[in-house]
Amino acid sequence: MVNILEVDGVEKKYPGVIANQGVSLHVREGSIHAIIGENGAGKSTLMKILYGLVRPDAGVIKVFDREVSLKSPQDAIALGIGMVHQHFKLADNATVLENVILGSEPSRFGFAIKFEEARKKLVEIAHTYQLDIDPDESISNLGVGERQRVEIAKVLFRGAKILILDEPTAVLVPQEVSELFTNLRELVNKGLTVLFISHKLDEVLAIADEITIMRQGTTVASRKPHDTNKKELAELMVGGELPRPKAGAQNISSKSILTIKGASYSRADGREILRGVNLDLHGGEILGLAGVEGNGQSELIELIMGLMRPSSGTVEVLGLNTVTTPTRDIRNAGVGYIPQDRQRDGLLMSAPLWENRILGHQFSQPMAKGIWVNKGSAAEDSKRVVAEFDVRTPGVNVLASALSGGNQQKFIVGRELSGDPHLIIAAQPTRGVDVGAQAIIWEQLMKARTRGAGILLISADLEELFSLSDRIAVIYGGSIVSILNPSTTTAEDLGLAMTGAISA
Amino acid sequence: MTKSRIFWGTLAPVAAILSSLIFVYIILTIRGVNPIDIFAEMVSYGFQPRNLVSELNQTIAYYMAGVAAAIGFKMLLFNIGIDGQYRMGAFFGAVVGAAVNLPPILHVTLIIITAMLAGGLWAAIAGYLKVRRGISEVISNIMLNFIAAAIIAFLLSEDLLGTLPEGSQNLQTRKIPLSGQMPTIKAFNGEIYSFLFVAIAVGIAYWVMLNKTVFGFNLRATGLSFRAARSSGVNAPGMIFITTILSGAIAGLVGIGTLLSDTHSYSMAFPAGYAFTGLALALLGRNHPVGIFFAAFLWSFLERTAPVLEFEGVPPEITIVMQGTIVLSIVVAYELVARVNLRQQQRAVGKVNAEASSLKESQ
């Protein structure tokens, strides 16, 4: 097989920062080529270069053995390079077909869209590559996995031969990941090439034909999955031993800090999201909550935080009834909340870090002094968080939006763990963060547990659930279907419970 | 940090005003007049003491409208209802002021509080509709502006609250007695409304509230991200409602300087159009009390000096073109400055990242 894409000595410098240097990449036609690396290792820059969004300062890019210069995504598309972004760019209230053709509509005289022709082509693509999509379904009715398939179809519709997938599994649940992998396999079987960016080692080992590892802006090695293992890959990525959390001594108190009794919740349209959930969390315990996304986890979190009211049942946090207690009092009682959507729920993106340190703590000392905001202690404590959690920032006056995702998350975790909360709601605490940040976050959560805090850990990362949790509750269809012991349960058992195949 | 913040903060408005000057320069040149002469004429006319006083008095009203709009902007509210709120404030301030007899300071205070209450309560309607019914405040406020004008016109009839003084065609409220009037400061051959001090106090209070108090933090947080504020424990819908009322209360003060120091009664001659001006000034002044003040002065200055253009045979509407281009370019300029600023910060973050990585490497 020939190399469909060759990158040699590519370099991209920003003032003061080397984003890419000496990057080399050889991608064989008809293969799945994974690129792994920590956040900030230069993966995104490389992909932007390949998609024509960023122009390299030096280096050679060859597509089909021909040297090319990519000035814009149009150039990339013309050469058969397509990009499936991590955050989908789909219009919610339009159909699948409309979204697929948007921007490259086949038209008569430049204005009359040839819908039938487009539909035929889309159906053909869906059939050839076995993508399960319905051209007439509205995007708003689709789940995340289906939306991703639409994005893939969109790229194929434009004639892509090389597909770049930017962290495609970050938004997917295990079942959807395996569907995606089946789809990707089908694509390469039909002769297409896939560039797969990730930092999930298991997935990369499972799907890739070849793995290129990036670190500090450069490509450090390439491996075949059968010649390597997770440990080696992780070491290549971080350039050293991978820190692992040690399960500390169990110190579970008899006091229950979170008690959920028969909590149900129905949406305004009558759809039942939660059905009689019973949960009990003690101090010094990490209770994992596993489940396929959309089975009521988000609603359960909102009930606990007093952001929503249950239709029936009770939720008690640190002795407070969350139905009658406003969120600020729940927080003040000593609850840390790491939301799953950090940018929308956890940060004021266009505010400096020190103001973000106040967020959620503005109703009590030391962030507030009576009616006044205490800027001094906010700035000071932000510096502590930055140091303790290794947040990479030049200072605390930097806007939250200037930080990378992993550093934003470290800051949020640091903030939510300050003041030694009794209860911590940690939703996807390490989603989308690199291995180094993950290790820090895990370590700090374990530390909080050791000191006696109770942690509700909502996660889609099974490794995370297994290495941190004392117990794992599985939620399915809005009910807790089983409570598992992580030391005696296999991932397979958990998977079955999560899909509703077994129940307690 | 503060130095660079002031630099970035002033860069955009200065750039916007410059680009608008260039635009007007071109227009004037095309008309065959010497732009430099005209600009010089406008400046010398505008800075004549007598004109300065009248500009300053107009600045007070614009300033209140600008601060009212700015509070709304901080919450992502587009308070186009300033017009109606200002009318309600001035009208009820005048009515209550004329109806009572109190010691001077108390009397004036009562009028000011009444005006704020009237403006705030009128805005509360739009706030309620937004928070409880999801109706855009732009739509409801435009309607409320018309309704406010109609209600006042109705109440101003002679058999209700209005009078028609002899020799006047203009229905108005009864005169506020001397104890309810505010003195003027005699300076520069003119009389400056002492309401200026109230306006300055409102500006300071606005800044302190917004930047130093927990309430202000919650307000800004809700404006920056409704969901993040809610998750942090802020009653976000409540904050939107309260902010609407605050904005309306300040808008209620727009006409009070004129009312207490000049006309002493409300009439249909009170001008309209404060909403658009207020929004433009908040934009130009970057929601900052000092910035809004300069913007308000610039607006008054341009309006006062417009007749100069007429002497030179140039249509005075050029000032409106100038105001328009300033607003237009300010939006572009702020966006550019914000992007450059963010890019700079990201670069700084990238540097730290690179250093941290190489440090890790060397260990």
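What counts and what doesn't
Residues numbered from 1 in each chain as written. Chains lettered and ligands numbered in written order. Predicted model: local features only at pLDDT ≥ 70, side-chain atom pairs only at ≥ 80, totals over all residues. Helix = DSSP H or I, 4+ residues; strand = E, 2+ residues; numbered from the N terminus. Buried ≥ 20, exposed ≤ 12 C-beta atoms within 10 Å, placed from the backbone. Contact = placed C-beta atoms within 7 Å. Nonpolar A, V, L, I, M, F, W, Y, C, P; charged D, E, K, R; others polar. Expected span 1.5 Å × (residues − 1). Pairing = 2+ DSSP bridges. Axes fitted to C-alpha atoms, helices over the stretch in contact; angles between N-to-C directions. Parallel < 35°, antiparallel > 145°, perpendicular 65-115°, else oblique. Left-handed = near helix turned anticlockwise from the far one by under 90°.

Asker: I would appreciate a short explanation of the overall build of chain A in the present structure.
Answerer: From N to C terminus, chain A includes 17 helices and 24 strands. In terms of overall dimensions, chain A has a C-alpha envelope of 65 × 50 × 45 Å along the principal axes. For chain A, the proportion of its 504 residues judged to be buried stands at 48%. Restricting to contacts in chain A with at least 6 residues of sequence separation, those with at least 24 account for 68%.

Asker: Even after reading the chapter, I still don't get the interface of chain B and chain A, so can you show me in this structure?
Answerer: Size of an interface, as often reported, equals the accessible area lost when the parts are brought together. Listed by partner, the interface residues are 32 residues for chain B and 41 residues for chain A. Here the side of chain B that touches chain A gets 15 residues from one element, more than from any other, and that element is helix H14 (residues 318-362) of chain B. Taken together, the residues of the side of chain B that touches chain A sort by class into 13 nonpolar, 12 polar and seven charged.

Asker: I'm lost on helix H15 (residues 435-450) of chain A in this one. Help?
Answerer: Along an α-helix, residues three or four positions apart point the same way, because every turn accommodates 3.6 residues. Residues and elements named next belong to chain A. An ideal rise of 1.5 Å per residue puts 22 Å on 16 residues; H15 measures up with 22 Å between its terminal C-alpha atoms. Within H15, the full set of buried residues consists of Val435, Gly436, Ala437, Gln438, Ile440, Ile441, Trp442, Gln444, Leu445, Ala448 and Arg449. The first or second residue beyond H15 is Gly452, which carries a positive phi of 115 degrees.

Asker: I tried to follow the sheet that holds strand E14 (residues 272-282) of chain A on my own but got confused; where do I start?
Answerer: Residue and element names in this part refer to chain A. Across the sheet, which stays open at both edges, the four strands sit in the order E14-E13-E16-E17 with antiparallel pairing between neighbours. Across the chains shown, the open sheet's two edge strands, defined by having one partner strand only, are E14 and strand E17 (320-321). As defined by bridge partners, strand E13 (residues 256-266) adjoins strand E16 (residues 312-317) across five bridges and the pair is classed as antiparallel. Looking at the pairing, Ser264 lines up with Ser312 of E16.

Asker: What is the right way to read the sheet that holds strand E3 (residues 32-36) of chain A from this model?
Answerer: The pairing of strands in a sheet comes from backbone hydrogen bonds and takes either a parallel or an antiparallel form. Residue and element names in this part refer to chain A. Pairing in this open sheet of six strands is mixed, and the strands run E6-E9-E10-E3-E11-E12 from one edge to the other. Lying at the two open borders of the sheet, with one neighbouring strand each, are strand E6 (81-84) and strand E12 (218-223). On average, each strand axis in the sheet is inclined to that of its neighbour by 20 degrees, with strand direction left out of account. The sheet contact formed by E6 and strand E9 (residues 162-166) spans four bridges and is parallel. Pairing of Val84 across the sheet is with Leu165, part of E9. Sheet strands touched by helix H1 (residues 43-50): E3, E6, E9, strand E10 (193-198) and strand E11 (210-215). Its angle to E9, the strand with the most contacts, is close to 150 degrees. This element, helix H5 (residues 144-157), spans E6 and E9 of the sheet and lies at about 165 degrees to E6.

Asker: Can you help me understand the packing of helix H2 (residues 35-46) of chain B against helix H13 (residues 289-311) of chain B in this one?
Answerer: Each pair of packed helices gets described by two things: the angle between the helix axes and the distance between those axes. All names here are of chain B. Look at H2 against H13: their axes get within 9 Å of each other, and the N-to-C directions meet at 125 degrees. It follows from the interaxial angle that H2 and H13 lie oblique. The handedness of the crossing between H2 and H13 is right-handed. Counted together, Ile38, Glu41, Met42, Tyr45 and Gly46 of H2 and Phe301, Arg304, Thr305, Val308 and Leu309 of H13 form the full contact between these two elements. Of the residues in the contact of H2 with H13, the class split is six nonpolar, two polar and two charged.

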